[in-house]
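The chain contents come next:
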Amino acid sequence: MNRSLAPASVAAYGTARNSFRASLPRHVLRELPSYEPEVIAAMRRAEERLREMDVRSEPVDLKRITMQDVRDFLIAYCACFMAVMAFIA
């Protein structure tokens, strides 16, 4: 393989710098196949439909947040924090 033709930042497929990747078969390290034109067109159509749809909810009005909302948030936050601390300990 002529390494002078490949840019330095691109690794040649099948080469490895560690022993685990070097032990893998060559077909595992090959490039992934590219999408067919029909699949690319379908993905673009789906993205366009998603942009056209109104999927976002109404913005939150900060004046409507009550003290009960704040309490519920803090209880849930503290419960999650305590669960993570118990898991780490």
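Residues numbered from 1 in each chain as written. Predicted model: local features only at pLDDT ≥ 70, side-chain atom pairs only at ≥ 80, totals over all residues. Heavy atoms only, no water.

Novice: Can you explain the state of the cysteines? Please cite residues and give values.
Specialist: Under the counting rule described, the total for this entry stands at 0 disulfides. Between Cys78, a cysteine without a disulfide, and Cys80, which holds the nearest cysteine sulfur, the sulfur-to-sulfur distance is 9.5 Å. Take Cys80: its relative accessible area is 51%, and that puts it in the exposed class. (Disulfide = S-S within 2.5 Å. Buried < 20%, exposed > 50% of the residue type's maximum accessible area, 1.4 Å probe, protein only.)

Novice: Please give an account of the pattern of salt bridges that cites residues and values.
Specialist: In a structure, side chains of opposite charge can pair up when their charged atoms sit close to one another. One pass over the structure, following the stated rule, counts 1 salt bridge. A salt bridge links Glu47 to Arg51, with the shortest nitrogen-to-oxygen separation between them at 4.0 Å. Residue Glu47 and its partner Arg51 are located together in helix α2 (residues 37–52), separated by 4 residues, close to a single helical turn. A residue is classified by how much of its surface remains accessible, and Glu47, at 43% relative accessible area, is partly exposed. (Salt bridge = Lys/Arg side-chain N within 4 Å of Asp/Glu carboxyl O. Helix = DSSP H or I, 4+ residues; strand = E, 2+ residues; numbered from the N terminus.)

Novice: Give me the confidence of the model for the protein chain: which residues, what numbers.
Specialist: A low pLDDT means the predicted coordinates there should not be read in detail. Averaged over all residues, the pLDDT of the protein chain is 81; the fraction at 70 or higher stands at 82%. Mean pLDDT across the elements of the protein chain ranges from a minimum in helix α1 (residues 19–23), with 81, to a maximum in helix α3 (residues 67–88), with 96. Taken together, the stretch residues 4–9 has pLDDT below 50 and engages in 0 contacts with residues farther than four places along the chain or on a different chain. (pLDDT = per-residue confidence, 0-100. Contact = heavy atoms within 4.5 Å.)

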